[in-house]
Each structure stands twice: as structure tokens, then as C-alpha cells.
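Chain residues, written in single-letter form:
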There are 2 protein chains.
Amino acid sequence: MKSYLVLLSCASLTFILLSMQSCQPKGASAAVSSEAAKAVYVPPGKYDEYYDFVSGGFNGQLSVYGLPSGRLLKILPVFSVFPENGYGYSEETKAMLNSSHGFVPWDDLHHVSLSTTNGEHDGRWVFTNGVNTPRIARLDLANFKTMEIIELPNSAGNHSSPYITENTEYVVGSTRFSVPIGDKVDVPINTYKQNFKGTVSFVKVDPNSGRMNIAFQILTPGIDFDLARGGKNKSHDWFFFSCYNSERANTLLEVNASAKDKDFIMAINWKKAEEYAKAGKGKNWPVSYAHNIYDEKTHTATSTMIKEVLVLDPKDCPDMVYFMPCPKSPHGCDVDPSGEYIVGSGKLAAAIPVFSFTKMEQAIAAKNFEGTFEGIPVLKYDAVLHGEVQKPGLGPLHTEFDEKGNAYTSMFVSSEIVKWRVKDLKILDRVPTYYSIGHLSVMGGPTKKPYGKYMVAYNKITKDRYLPTGPELAQSAQLYDISGDKMKLLLDFPTVAEPHYAEALPASLIVKKNVKIYKIEENAHPYATKGEGLAKVTRNGNIVHVYMTAIRSHLTPDNIEGVKVGDSVYFHLTNLEQDWDVPHGFAIKHANNAEILIMPGETQTLAFKPDRPGIYPFYCTDFCSALHQEMQGYLRVSPVGSNVPLAFSTGKKNPSDSAAASGAKPTDTGAKPSR
Amino acid sequence: MKSYLVLLSCASLTFILLSMQSCQPKGASAAVSSEAAKAVYVPPGKYDEYYDFVSGGFNGQLSVYGLPSGRLLKILPVFSVFPENGYGYSEETKAMLNSSHGFVPWDDLHHVSLSTTNGEHDGRWVFTNGVNTPRIARLDLANFKTMEIIELPNSAGNHSSPYITENTEYVVGSTRFSVPIGDKVDVPINTYKQNFKGTVSFVKVDPNSGRMNIAFQILTPGIDFDLARGGKNKSHDWFFFSCYNSERANTLLEVNASAKDKDFIMAINWKKAEEYAKAGKGKNWPVSYAHNIYDEKTHTATSTMIKEVLVLDPKDCPDMVYFMPCPKSPHGCDVDPSGEYIVGSGKLAAAIPVFSFTKMEQAIAAKNFEGTFEGIPVLKYDAVLHGEVQKPGLGPLHTEFDEKGNAYTSMFVSSEIVKWRVKDLKILDRVPTYYSIGHLSVMGGPTKKPYGKYMVAYNKITKDRYLPTGPELAQSAQLYDISGDKMKLLLDFPTVAEPHYAEALPASLIVKKNVKIYKIEENAHPYATKGEGLAKVTRNGNIVHVYMTAIRSHLTPDNIEGVKVGDSVYFHLTNLEQDWDVPHGFAIKHANNAEILIMPGETQTLAFKPDRPGIYPFYCTDFCSALHQEMQGYLRVSPVGSNVPLAFSTGKKNPSDSAAASGAKPTDTGAKPSR
């Protein structure tokens, strides 16, 4: 039983840490080099050097910034609805946000992993994780779209995710919040130690399509997994996870999960796990989880509920999982470019331990254990330690690496970044951050070949750094030049929502393959309208389908009659443009829906259920041309039982009069007599 | 009747205009001054000089940028749900998006007006308009929150909005899409000329509270209103509106609304309208529209449905409304700082007409009419014209003014800005924009005392200006130095969604009154929990209220049991912090809901309806402290009919054991025995 004294001293430590969290390091206001302005200025029309993919944290979105300018290029919706372009609102995209508990409009997107081949960025995909509804998403770097979301069963708080293996063989997700899983889930919370379990999911990534599927899950004790990294080179077969709450507290974790001197880095031999899975050592558990896939040809997502998952229990799989003791609630768990060193950043620790993979292998071979934790061997700290970085600062969180053998660790509490040499653990430089840095990102930092040059700090507190915006302030990033011996602050730029973590790659890796339009001839959407002459309105019971086209500067049809209260109207809009950067938008008055934004060659559908008679204007919502303002039309809705015939037209005097003279070009107005 | 030839020639013109829309002006790639980098660089920790309030167009949000850096300081949700902070998802904010047709999660936010006193910015409020569901919103510049949204009945496409009078006496909204209004709304679309009407709503603004109410609406012919501006000084009593589609076409407006050589600027004497309203010349129409108000003390919005509006018909109100002919589908309608000149920008016109207010008054007095339009007098063009700016460029859209008597007009089709002198209409300078500029914004440009110095172009097409992001690209702004004789391009910065229009003011006008926290003692939320000792969970039938507190780094209570499937659980979270920039977030696994983000001293509520038994983790979603990661808890949900008692605690071994020893500070854990 923990003594009251220990708890009190932890609480005091917490108090001290909190009091210090927003203190500004001394001398911090030193003048920034006048060169900084030039260094970050990207002249009008010139491209940034790096794409920076920044997690949006509690906005559920991924942000794309340009570096060194710090300009926000685009917000990409992933786990949250996005009224701006209809993501989660169009009929085609709703399925992307389906889960085992139905439609979820939001998530907490924490980390990003850019796909790698042989440990280097290959510019194919970016993976992100949803924490609250445990999910992993894959976006394509050619079209910048969320292409796939897979839910993780037997999990809660998918925080330690979506880290990848060296060739993107797997992307992982592990539980931050252990929960009871399996048959018996309605249990008292204070039976945590008996009933709550963690899992690590290994999600296989198809090397050609990127398609994900859960290969297996590994059952773990009910501790909290925080961050993770896959091995490299010699440690290729291994994956490392930081763990806190090895106390397995279920209440007031602030105190109760900060009691022990050491928690763990968990090391998993995933190659061995693969073998066990193949050898039938796992059990198929009945579960239910959603696998949502966006089809680029039909422009439509589907959601499939999967009912089984393979679970490996370390009890049945020896030599698959080990624990390395790591001081006080580690956050970061980072593997250096060589794959030899694993850095654990204990956020309440006074030193940064660096573990040696070679020593770990030796210790395992020698069974140099200090005991077991829930049946899993715990290696001796001294046996696996390369060494400790002494007095690095307060609250070490996360470490990345440059191409010269140096490491950079963020210090949340003392608001600074510390640069140290991996080989001899010597501190080389330190620089303040404003304020309370969480993650940092060195260009290429998590890969086998870091690019170096720039580093970005992602800070939690901004307070007095920008013009104030009421009680709710932006969080912030700071760009540093790390090309020389000393780190130099170049730029502060505010970010959207919470810039939890980010990964950047050279623009050259993806610019050339950028998708500009969807080819209309490849559009396989079942309701696509590939020419104005094909536009039509059909009725099937009380379902009305509008096959509509958009091209500068009109919608076809733009006069529709014969819809009645009680009908469900589906506007299937095909953008006939085939030029880059000519989207059209579509909205109709009184829809309890967002707009849809349709890219050239694409088809998207907006559902509308009119609730009373009247004339409902619709229009293009994206300023597309000099006559954009004229790109509008009208839907007439009549009462239930009305005998107004279904009719539609463009450029006719009367929607139901198909023979009337047309003001439009006769060949392409596409007005057809109603059925 | 319009001849086919005329229509054809319009179509050809359109084709030419479209073909030219993205052409890059020659010599445009000229080197930007090396001084530009320094001019836009705001060193880390320094403030921008101007707040720039930029409409988000089809994202329904308002963006706050800093100038000259072009940094996005914050996105403020107005007409669209915002999963990031729970706007539209929390129980408190849902009512803000209510309308006469129920909850609408999205709108198209086009324009902004910063409140003025005596024609100068007073730094109190910013007004914005929703186009699709006709609405006007008011945000407070002390807390940067949407405080009020009022729907406009008898309207559709509230585009010509939210322009204000000189002392913010009124904010206006007028119909872009005329529709049938009143009793008879189910009519054939081709009876447009007989049955479709426009309206202009004059919304009174309370000078102390800012509270809005619709004073009266003015009935107009069924034409499309585009933009507007209130008068100044001598024209103080007047309001001016650009009108297109005076052809009153109801289909293929691209062609059919571009037929006439002239449309109109409509001039309304609002002082006279006020008198008519007072004198009982209006009629009260039965309508239904929502008035949504956010209460800063209860942190809660209410929506009231209003059932009547006063309508003035110009037929009954002589000398209230006049038309001035204006060439070809005017977009911009802008009043210079003196109030004497009204600039109409006909987007298909070859010249920019500048009208004289003095001449207009004289022409009215002399009844110098060329006829009437739907009973409203049309003044003679030559009688009201100050003069025309000749050969300004192609596609003039919108004009603003500096402090030196100059005007700046955006040219959509020829992608440029033209600077000209108001007095003699002489063109002084022109500068390219990249590409297809819509609105522009001169600092203080719409006021009586422009600040000048900077101008921003808001462009529709970006194409090759930034690193590509797939088919969907950011739209863009460009910052120009206008302090000298020649305009100088300084910076390109991408924007979120559609930067339709913007207005900027000096930071000094609002920085000092910025609200940093909500004082806990002023929190009048009915479910506020003003101390951990007051935290509790109560049940009323199948409604469970959780009175929860958040303070670094725990939630109280953090263990809750006794909730059953079928219950509706309301988490009322009070953030007990009283320091700036310490929000807490809250989310619970499997909620079909967004998170809530709670500012210091605030209470917000997340509703959750668990659908099956289990343990549901909840946690703080905003990285608040070194022990943020430990800020979590558990809700146990039991099956229907379960006899698990309602219990809650923090730091106890057992939620239902209130007498157990506590690991937390005994005075503030607030655990209470369950009822």
C-alpha cells in the first residue's frame, strides 16, 4: 500500500511543476537575428521547401503547413465532420465516420506518421490516429484525401498510435485507457487491476494499395500506453512503447499514477508475433468494428462491420514482449536513426535514459531480469541502459534526431529544447520555447536519414505571444534553424486547434504526383451525370433523384418542379469542369445539412427533405467565375398530394415545356420532358 | 422581348470572360522588393499591427488574421458547427444554430462589418451574414464569441448584408434570391415576375448592448441584391444597394440576367422609412423566424421564434426608394469616406460609374426620372453621375478608399487592382493579383477615416501559387503596401475556405478590453459547480446530471457508477481555473457527439446516451499541464434494470465508499455519498 507521505510528495511535485509551467526562461527576449525575416520569407508565387503535416488534436483534422513560411496550406478533414466541404454530410462521405457505436462527428487526432520504405519517407501516405473512438486513418499524399479509417476493437484511448515499422509493414495502435474487454465489461471500476486490460493492435498495410487490416492484437496488463516507435536496421523486428500508470490506478491518476519511481518501455518483437499468429497461437475474439474505405472511382465511402479479431496473449507466446524500466511516467519513446538507441522521456524524471538495443538483446539472451510484471519479464535497468542525459531540464517529453548524431528533446515544464549528442549524451545547446512545448519535429527526425535544417516546436500555451482573441487562444508553433551548432529561433506561427505532433517531408517527394482533377471518363459514381444532355430528375415513390451538372456558370437543371413535402430529394451534382482549381459548391435553402464542394470531374450528393411548400433557391457556393453570382436555380416544393408534375429544365420559359425556345446553347442544355 | 442575338452575344462575352479569368498579367513575376520580407516579418513575441476579420465564405466561420504577418490567429465559429470546441454540439450552443426550419449545421458567411460610431471603428462588434439560411450574426470583440444570430424572414440568399449605418443604428440584409413570400408560395417558377419579391431588412442595433431586432422590412421588386453600403456625413440618412437581374430571369441567369445594358443602384432613405414605420404605414406580416442569443452569464444560448414582422411597401411610402441606373450587373456598391460618392462596379461593364449624392438629391428634387421600375422612380443616369472611370480593366467588382482621396477597385477578370483618384477619376496605378480577385480590403477602407497603409486582395484562384494539396486548394490573400504612390506586393498568404470579404482595425482598438477568463463568481450557469466539494451526480428518472469540475490535473468526480443503458447523461463541466489560456476539454468514448472545450470559469455540457454496458473512459482533451495525460476518469454503464447504485468519487478506492481513505487532498476532492 502506498503511504500518504508518498502521495503528498507527489502532489507537491505536481504543484511545483504546474507553478512553473508558464515561466519564461530568462534572457529569452533576446533579439532574433535580423536574418530570420529573410530566412522564413517565401516570396509571392514561390513554393515552400517542406510540407509539414500537423495533427490538429481536438479538431480531428490534419493541417498542412508550408515550411519555412509557416503558412497554413490546407485543413484536411479526417475524423471530424467538415461543413466547409461536406465531409461527413454528403451521402458519399457519411460512411467514413461510422463506428461500432454509429456515426461519430468528432475525434481527437494526435499523431502523424509519414509512410517509409527502408526507413525513409516514400511520399505515399500519411497515417493519423483518433484517440477517443480508437481509429487509424490513412490519407493519400497524391490527392490529400482521407482514404481509409479502421476502428480498433478491444481498445480505448488510441493514443500510442499510428506509429509504423520501417517499411510500413504495420501501423500500430495501443490503449491509453485500459478497459475491461471480452464478455465481462460491466464491472466495478475499482476492480481495475483484475479486470482492465490493454491491447496493442498491429494493423497490416498492403504495400501496393495501402489498404489496412488488423493482423493481430497483443493483450497486455492494464497500463496506459503513451507513445511508440518502430525499430530500424538492427532493431527492425521490434517495436517500443512508453507506458505509464504501471501503478494501475483508476482514480486521481495525477497523484496515483505518479507514485512509482519507474514505469516501463515495452518492447515487442513483432516478427515473432507474426510467427505466433501464423502458427495459430492466437485466439479469434468476437468483436465488432468499422472498416471505412473511400473509393476513388465511385467517389463514395463504404463502411463494413468486421466481427472477429485475432488476439495473442503473451502467456502463450514467450519471447515476444519485454519491459524495460523507465523513470517516472515516460511520454516520448524514440528510436535514433541507427536503430541502436531508444530514448525514454519520463515527464517527471530528472534525467533522460537512453537504452541500447544491443544491450537489450544481450540482457534477453542472458535472462537478466529483475522480475516479471503480470507474467512479462522485466529487464534490469542497468543491463539495458546506454546511459542517462543528466540535468536536461524539467519535464522531458519527446526526442527527435538530426543527420549529425544529435538529439533534440522537448521540455514541457521548463519550456525549452535541449540538444544533446547521442553517442556521449553530452548536452550541446538549449533554447527557450514559448510556452510549454509538447512535441517537437525535426525534418525527417523519425527516419533513418533525417534532413535536419529545421526544427519546429509545438507549444501548448501562447498567452502573450500573439494578438489576443478572447479567452480562447490559438496554440502555437516555433520554427528553429538547426543547421549550425546553435539552435536559432526564426519564427512564431499560430496553429489551428492543438498541434500535437507533426512530420514534414521535402516538397519534391510529392509535388509531381499531385492529383489535379478527377477525370470525368473515369468517374464511376452510380449517379454521375457526364454531360448536360444527361441531366434529369427521376422519382421512385417519395425518393427524388436529381442528376445535376455544374459548369461555369450554370447548374443543369436550374428549374425543378413537382417535388412534394415528404419527398427525400437527392441532389447528385457532377462537376463537369476538367481544369484544376475550378470547384463548384452546392447548397439549398433550409436544408438541415452542410454544403457540398465538388472537385472537377467529381460527383457528390446532398440530401434534402423539404418540410413545407415553397420555392427553395439553390446556388453555387464557391466563387467560380465572373458570372458565379448568376449560378443559381429554384426548386418548387408543393404540398403532399399536389398534382404538379415532375419537371425540370434550364433556359426554358417553363420547366414542363420541353419544346419552348431556349436561351441557352441548344446542344447542351439537356432539358428533358418529365416522365 | 429579348432577341436571340443579344443572348448569343452575352454568351460569347461570358465565354471570353471565362477564358481570361486565370490569365496572368504580363511582367507579373517581377522581383518583389527585398524589403518585403522585413515589412511583413513580425518577430517572435511581437504583436501584429492590425486584426483582420476575414469571412470564411462556405465554411460558415470568421477567421482572425494578424497583419502584416498574414498569420491566422483564430477561427471563430458563427453559422457552422465547430467540432473543435463543441459549438453547435454542446447543450449550451445548439440553440445558436436554430432556424425557422430547425437546426442548420452550416451556412455561407460572406461579409463582415465592424461596428462604427460616427463612421469610425469603435472596436465593439463585428457583424456577419449567413447567405443560405438568411441570418445576421453579431460577435463581440471583447470575447471573440458569436453572441447573437437573427434570422431574416421573407428573404432568401442574404447576400447584400450585413452592412451598417454610420452609427451602427441598423445592420441590413437583402435578398439575393427573390422568392414568393406571404400566403402564396407554391407557384410555378416561371411566374417569377408576378410572384417573386425581394426584401430589404433593417435590423435595429441597441447602442448599449448591441442586441438586434428587425425594425422593418421594405418590399422590393423581384431583383437580386448583391452588395450595399450605408451613407456617411451628408448621405447619412441613405443606404445604397447594388442590384442585378433587373431582367427578372428565373433560369440560366448567366445569360438571361446579363441581357440589359443597365441594372440599378437602389437608394433607400432609411430615416424616412423609420418615420413611415412609426407613422403606421407598414403592415405586420405573420412570419416565423429565430432569434438566438448567447447569455454571457449563464454561458447558454436561447432561441426564440418570432411571429411577426413589419413590412413597408414603397407604394405606400413615397420618396423612400429610388433607383439609379448602373451598367451591367453591378457587384460592389461603395460609398467614399466623404459620403458624396457612390461607386458601382458592374462586373460586365467597361467603365466604373461614380455617382454623386448631391446630384442624386437634386435629381430627386427635380423629379429627373427616366421612368419607373415596378412603381419605383428611376433617376436619369446622367443626372446622378459624377463621372466614369474609363478603361479600368475587366470585371470590376469592389472598391475601397484610402485616407488620401484615392479609390482601389478589384478586377476579377483581368486579375488586378486599379488605383484611381476619386476627384477626377484618373487612374494612377495598377497592380496584378494572383488570381481572380474578388473583394479587396483597405485598412479602414469603408469608414470615414481610412487608415490606409495596407491593402489586402482576396483571390479566388490560387493554382500554382502554393505547394499543391490535391484537387482542393486553398484560396488566397495578398498583402500590398499602399503608403506610397505605387502599390507594392508584399506577401501571399493562403486562407481557410473562401476569404470573401474582410475588414481590419488597429489592434489598439480592442487589445486592452480583451476578456481573458470568465470569473467563476459571475458564472450563473444553472449547472455550474463552483468548487470540487460541490461536484455530484444526480438522477431524475432516466436523466443523469453529472456536476463535474476540471482543474489541473484531474476531473471531479473521475469514477462514476450506477448509470444504465437508456439513461441520458449530461456532463456539466465547470473549469475552475482562473488563469488565462488554461482551457480544459472533455470527451467520452463512444459519444455520438463532439468534444466540449471549456474556458476558465465557464460551464459547458456534453450529452451522452450510452447504448450498451461497459466502462467508458473520459478525459481532458486539451494539453493543460505536465500531468494532463493523467487527467482521465471512467464511467461504468450497466444494463437496463441493473441494481448498481449511483456513486461517484475521486481518489477513493471505491466510488460508492465515501468513508474510504482518500489519496487526494481531503478538503477538495468533493466526493459525496450517492443518493
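All figures in this text were calculated on a predicted structure; none of them were measured in a lab.

Peer 1: Even after reading the chapter, I still don't get the pairing of strand 8 (residues 135-140) of chain B, so can you show me in this structure?
Peer 2: In summary, the side chains of a regular strand alternate between the two faces of the sheet. All names here are of chain B. Of all 6 residues that make up strand 8, 6 are buried, and the element is covered over most of its length. Residues Arg 135, Ala 137 and Leu 139 of strand 8 are buried on one face, and the alternating residues Ile 136, Arg 138 and Asp 140, pointing to the opposite face, are buried as well. The hairpin formed by strand 7 (residues 120-130) and strand 8 contains 4 residues between the paired strands. Note that strand 8 and strand 9 (residues 145-151) share 6 bridges and pair antiparallel. Residue Ala 137 lies in a different strand from strand 9, and its bridge partner there is Ile 149.

Peer 1: How should I be thinking about the interface of chain B and chain A in this particular structure?
Peer 2: How big an interface is tends to be expressed through the accessible area that disappears when the partners come together. Between chain B and chain A, the residue contacts involve 167 residues of the former and 168 residues of the latter. Both sides together, the interface formed by chain B and chain A hides about 14,500 Å², and carbon and sulfur atoms give 60% of it. Three residues stand out in chain B for area buried against chain A, namely His 101, Leu 467 and Phe 623 of chain B, and they jointly supply 6% of the buried area on that side. Where chain B packs against chain A, one counts 6 salt bridges. The partner of Lys 347 of chain B in a salt bridge is Glu 630 of chain A, and the shortest N-O contact between them spans 3.0 Å. Counting across the chain B and chain A interface gives 70 residue pairs in polar contact (both at pLDDT 80 or more).

Peer 1: Looking at this structure, I do not really get the domain arrangement of chain A. What am I missing?
Peer 2: Residues and elements named next belong to chain A. Assigned domains of chain A: these are domain 1 (4-513) and domain 2 (520-649). Listed by partner, the interface residues are 15 residues for domain 1 and 16 residues for domain 2. Of the roughly 1,200 Å² buried between domain 1 and domain 2, counting both surfaces, carbon and sulfur atoms make up 47%. The tally of links between domain 1 and domain 2 comes to 2 salt bridges. A salt bridge links Lys 145 to Glu 602, with the shortest nitrogen-to-oxygen separation between them at 3.0 Å. The interface formed by domain 1 and domain 2 includes 10 residue pairs in polar contact (both at pLDDT 80 or more). Here the side of domain 1 that touches domain 2 is built from residues that sort into 3 nonpolar, 7 polar and 5 charged.

Peer 1: I keep staring at the sheet that holds strand 45 (residues 647-649) of chain A and nothing clicks. Help me out?
Peer 2: Sheet strands pair via backbone hydrogen bonds, and the direction of the pair is either parallel or antiparallel. Residue and element names in this part refer to chain A. What the 6 strands build is an open sheet, ordered 41-40-43-44-38-45; its pairing is mixed. Either end of the sheet is taken by a strand with one partner, and the two such strands are strand 41 (596-598) and strand 45. The average angle at which neighbouring strand axes cross in this sheet is 20 degrees, direction not considered. Pairing of strand 40 (residues 584-588) with strand 41 involves 3 bridges; the strand directions are antiparallel. By the bridge assignment for strand 41, Phe 586 is matched with Ile 596.

Peer 1: Explain the pairing of strand 19 (residues 321-327) of chain B to me, please; I cannot follow it from the model alone.
Peer 2: Residues and elements named next belong to chain B. Within strand 19, 7 of the 7 residues are buried, which leaves it mostly tucked inside the rest of the structure. Alternating positions in strand 19 separate into two faces, Val 321, Phe 323, Pro 325 and Pro 327 on one and Tyr 322, Met 324 and Cys 326 on the other, with burial throughout. Alignment of strand 16 (residues 262-269) against strand 19, held across 7 bridges, turns out to be antiparallel. Bridged to Met 266 within strand 19 is Phe 323.

Peer 1: Looking at this structure, I do not really get the relation of the copies chain B and chain A. What am I missing?
Peer 2: Two copies of a chain can be linked by a rotation about an axis combined with a shift along that same axis. Aligned on chain A, chain B shows an RMSD of 0.0 Å; the corresponding rotation is 180 degrees and the shift along the axis is 0.0 Å. Such a combination of rotation and displacement between the chain copies is what one expects of a two-fold axis. Across chain B, the smallest distance between a C-alpha and the rotation axis is recorded for Ala 37 of chain B, namely 2.9 Å.

Peer 1: So what exactly am I meant to see when it comes to the state of the cysteines here?
Peer 2: Here is the idea: a disulfide is a covalent bond, and it sits between the sulfur atoms of two cysteines. Residues and elements named next belong to chain B. Within the structure shown, the criterion is met by 0 disulfides over all chains. Take Cys 333: it sits in no disulfide, and the sulfur closest to it among the cysteines is that of Cys 326, at 7.8 Å. No disulfide involves Cys 624; its nearest neighbouring cysteine sulfur is the one of Cys 620, lying 4.1 Å away. Note on Cys 624: relative accessible area 3%, which makes it buried.

Calculation criteria
Within any chain, residue numbers begin from 1 and follow the written order of that chain's sequence. Each chain gets a letter, beginning with A, and each ligand a number, beginning with 1, in the order they are written. In keeping with the predicted nature of the model, local features appear solely for residues at pLDDT of at least 70, side-chain atom pairs appear and are counted solely at 80 or more, and the whole-chain, interface and lining totals rest on all residues. No hydrogens and no water enter the side-chain calculation; it runs on all heavy atoms of the structure. Exposure is judged per residue with a 1.4 Å probe applied to protein chains only, and the accessible area is read against the type maximum: over 50% gives exposed, under 20% gives buried, and values in between give partly exposed. In this text, helices come from DSSP runs of H or I with a minimum length of four residues, and strands from runs of E with a minimum of two, each type numbered from the N-terminal end. Between any two strands, pairing holds if DSSP finds at least two bridges. Note on contacts: a residue pair qualifies if any of its non-hydrogen atoms lie within 4.5 Å across the two residues. A simple way to read buried area is as the amount of 1.4 Å-probe accessible surface that goes missing from two parts once joined, with both sides added. Think of a salt bridge as a Lys or Arg side-chain nitrogen and an Asp or Glu carboxyl oxygen that are within 4 Å of each other. Polar contacts here mean pairs of N or O atoms no more than 3.5 Å apart (in protein, one a potential hydrogen donor and the other a potential acceptor; neighbouring residues in sequence count only if both atoms are side-chain atoms). Segmentation of the chain into domains, including their bounds, is taken from an automatic or database domain assignment. Ten residues, namely Ala, Val, Leu, Ile, Met, Phe, Trp, Tyr, Cys and Pro, are considered nonpolar, four, namely Asp, Glu, Lys and Arg, are considered charged, and the remaining ones, Gly among them, are considered polar. Inter-axis angles, ranging from 0 to 180 degrees, are taken between N-to-C directions of lines fitted to C-alpha atoms, where helices are fitted over the stretch in contact. Least squares is the method for superposing the copies, and the C-alpha atoms it fits come from residues with pLDDT of at least 70 in both. Any two cysteine sulfur atoms lying within 2.5 Å of each other are counted as a disulfide.

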